[in-house]
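Residue-level structure breakdown
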Amino acid sequence: PDQIDLNIKSTSVKRKFLREIKSLKNLGANFLRLDAVAYAGKQRGTNCFLTQETLNFVTWLSKHAHKLDLLVIPEAHHHFKDQLSLANLKGVDYVYDFATPFLMLDAIFNSDGEYLKDWLKVRPNNSVSVLDTHDGIGVVDAEDLLPAKRIKNTCQKIYKNGGNVSLKASGKSSANVDVYQINTTYYSALKQDDQAYLLARAIQLYLPGLPQIYYVGMLAGKNDEALLNKTKNGRDINRHNFTLREIEEKKKKKVVKKLFALCRLRNNHKAFKGEYSLNKTSKHIISITWKYKKHFLSLEANLINKEFTIKDEQKDIKI
């Protein structure tokens, strides 16, 4: 009820969009996130999700956004083939990779990265790679990328790791936008296992595209049961309001310091300007390399012991 549907066929509505994106640009924005845009075009006789009218609207809006040097990212939780289509749509600069979060958990829980690697082979390079967001962990995004039994088992494991509070916050048990999302922090989904958490982040940060880490995840935040009980909104379990004191305390934790170090490496190493390769390995190893001119960087992640090694052209890099 607090999100208004707009008639995108209306000339006056289109003029308003153009005024708004210009205003955002003037405020210093350089990305235009099209939130819930998949439902923009309504068409009788369909489920109104990613209709041709919507795709045309995204292309139209992107054309005008690009005139202002704004990059366009449409947001849509759905089957992975829709993300592949959006990634190739004229005017789209990036899409969100919502499949990796669930596939990453499945890989870690089972010490088996084959399904995750199958996805990484077709995953668009113009992806915003996430593990956590202000919403829950998408389940529908992994459909047909994992067998149904693996999806069910992974869901059960997430609930078990996150405690009963995670189950209480998800599905029809709470005020959710999407019943196919599991509400939990990523740290809690991994049972607050620091090594497993850093392994997941290292792989995320080595993927092509733009890595994005949600603020709760950046501080290795746990499920906020108190806030959930207060608001009765499932998504609030992953929306803790950190005080300045809490932030300073979190920054002292070893897992957070190491995550900061991984981010600095991702932001600063020149190898990430170059070519990405996913190397062929056994199912419990994920091996990624980046090469740019004389610069080289490799990641080898072991899903059994949750250890990973990083090397550049000269030495091993200790995180």
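Residues numbered from 1 in each chain as written. Predicted model: local features only at pLDDT ≥ 70, side-chain atom pairs only at ≥ 80, totals over all residues. Heavy atoms only, no water.

Before going further, it helps to examine the packing of helix H4 (residues 100-110) against helix H5 (residues 114-122). The N-to-C vectors of H4 and H5 enclose an angle of 150 degrees; their axes lie 8 Å apart at closest approach. As judged from the angle between their axes, H4 and H5 are roughly antiparallel. Touching Thr100, Leu103, Met104, Asp106 and Ala107 of H4 are Tyr115, Leu116, Trp119 and Leu120, all from H5. Of the residues in the contact of H4 with H5, the class split is seven nonpolar, one polar and one charged. (Axes fitted to C-alpha atoms, helices over the stretch in contact; angles between N-to-C directions. Helix = DSSP H or I, 4+ residues; strand = E, 2+ residues; numbered from the N terminus. Parallel < 35°, antiparallel > 145°, perpendicular 65-115°, else oblique. Contact = heavy atoms within 4.5 Å. Nonpolar A, V, L, I, M, F, W, Y, C, P; charged D, E, K, R; others polar.)

Glancing now at the packing of aromatic side chains. One pass over the full model with this rule turns up 12 aromatic pairs. When the ring of Phe57 is compared with that of Trp60, the centres are 6.0 Å apart and the planes differ by 25 degrees; the resulting orientation is stacked. Taken together, the positions of Phe57 and Trp60, both in helix H2 (residues 52-67) and three residues apart, correspond to about one turn of that helix. With respect to burial, Phe57 and Trp60 carry one shared label: buried. (Phe/Tyr/Trp six-rings, centres within 6.5 Å; stacked < 30°, edge-to-face > 60°. Buried < 20%, exposed > 50% of the residue type's maximum accessible area, 1.4 Å probe, protein only.)

It is worth spelling out the pairing of strand S11 (residues 308-312) at this point. Regular strands place side chains that alternate from one sheet face to the opposite one. Of the two faces of S11, the one lined by Phe308, Ile310 and Asp312 is fully buried and the one lined by Thr309 and Lys311 carries no buried residue. Where strand S10 (residues 295-302) and S11 come together, five bridges link them in antiparallel fashion. Along S11, the bridge assignment pairs Ala301 with Phe308. Between S10 and S11, which pair antiparallel and follow one another directly, the connecting turn spans five residues, one of which, Lys306, has a positive phi of 65 degrees. Direction of pairing for S11 relative to strand S12 (residues 316-317): antiparallel, over a ladder of two bridges. (Pairing = 2+ DSSP bridges.)

Here we take up the nonpolar core. Formed by 59 residues in total, the largest nonpolar core has its most connected members in Phe102, Tyr186, Tyr206 and Phe308. Tallying contributions element by element places helix H9 (residues 194-205) first for this core, with eight residues. The residues contacting Phe308, other than those within four sequence positions of it, are Gln195, Leu198, Leu199, Ala202, Leu262, Leu299, Glu300 and Ala301. Core analysis: the next-biggest nonpolar cluster, separate from the first, contains 22 residues, Val37, Val58, Val72 and Val95 among them. (Core = buried A, V, L, I, M, F, W, Y, C linked by side-chain atoms within 4.5 Å.)

This part takes up the sheet that holds S12. By definition, the strands of a sheet pair up through backbone hydrogen bonds, in either a parallel or an antiparallel sense. An order of S8-S9-S10-S11-S12 is seen for the five strands of this open sheet, with the pairing classed as antiparallel. Only two strands of the sheet have a single partner each, and these edge strands are strand S8 (275-279) and S12. When S8 meets strand S9 (residues 285-292), the two strands line up antiparallel, connected through five bridges. Within the sheet, the bridge partner assigned to Tyr276 lies in S9 and is Trp290. The strands touched by H5 within the sheet are S8 and S9, with S8 carrying the most contacts at an inclination of about 150 degrees.

Along its 16 residues, H2 runs 23 Å from first to last C-alpha, staying within 8% of the 22 Å computed at 1.5 Å per residue. Looking only at H2, the buried set comprises Glu53, Thr54, Phe57, Val58, Trp60, Leu61, Ser62, His64 and Ala65. Among the structural elements, helix H1 (11-26), strand S1 (31-34) and strand S2 (71-74) are those in contact with the buried residues of H2. In the stretch just after H2, Asp69 is the one whose phi turns positive, near 60 degrees. (Expected span 1.5 Å × (residues − 1).)

Another point: the environment of Ala87. Mapped onto the elements, Ala87 comes out in helix H3 (residues 80-87). Along the primary structure Ala87 and Ile73 are separated by 14 residues, whereas in three dimensions their C-alpha atoms are 9.3 Å apart. Once you skip the residues sitting within four places of it in the chain, Ala87 turns out to touch Val92, Val95, Pro124 and Asn126.

A few words on the environment of Leu71. Note on placement: Leu71 falls in strand S2. In sequence terms Leu71 and Arg33 are 38 residues apart; their C-alpha atoms lie 8.4 Å from each other. Contact partners of Leu71, with chain neighbours within four places excluded, come to Asn30, Phe31, Leu32, Asp93 and Tyr94.

Attention shifts here to a positive patch on the surface. A grouping of Lys252, Lys254, Lys257 and Lys318 is seen on the molecular surface, where their side chains present a positively charged patch. Turning to its location among the elements, Lys252 is positioned in the loop between helix H12 (244-251) and helix H13 (254-268). Taking relative accessible area as the criterion, Lys252 reaches 62% and is therefore assigned exposed. (Patch = residues over 30% accessible without salt bridge, like charges linked within 9 Å, V, L, I, M, F, W, Y side chains within 5 Å. Areas by Shrake-Rupley, 256 points an atom, 1.4 Å probe, with all protein chains shown as cover. Salt bridge = Lys/Arg side-chain N within 4 Å of Asp/Glu carboxyl O. Lys, Arg positive; Asp, Glu negative; His and termini not counted. Charge placed at Lys NZ, Arg CZ, Asp CG, Glu CD.)

Turning our attention to the sheet that holds strand S4 (residues 127-129). Strand order in the open sheet made by the three strands is S3-S4-S7, with parallel pairing throughout. The sheet terminates laterally at strand S3 (95-97) and strand S7 (210-211), the two strands that pair on one side only. Here two bridges tie S4 to S7, and the two strands are oriented parallel to one another. Looking at the pairing, Val128 lines up with Leu210 of S7.

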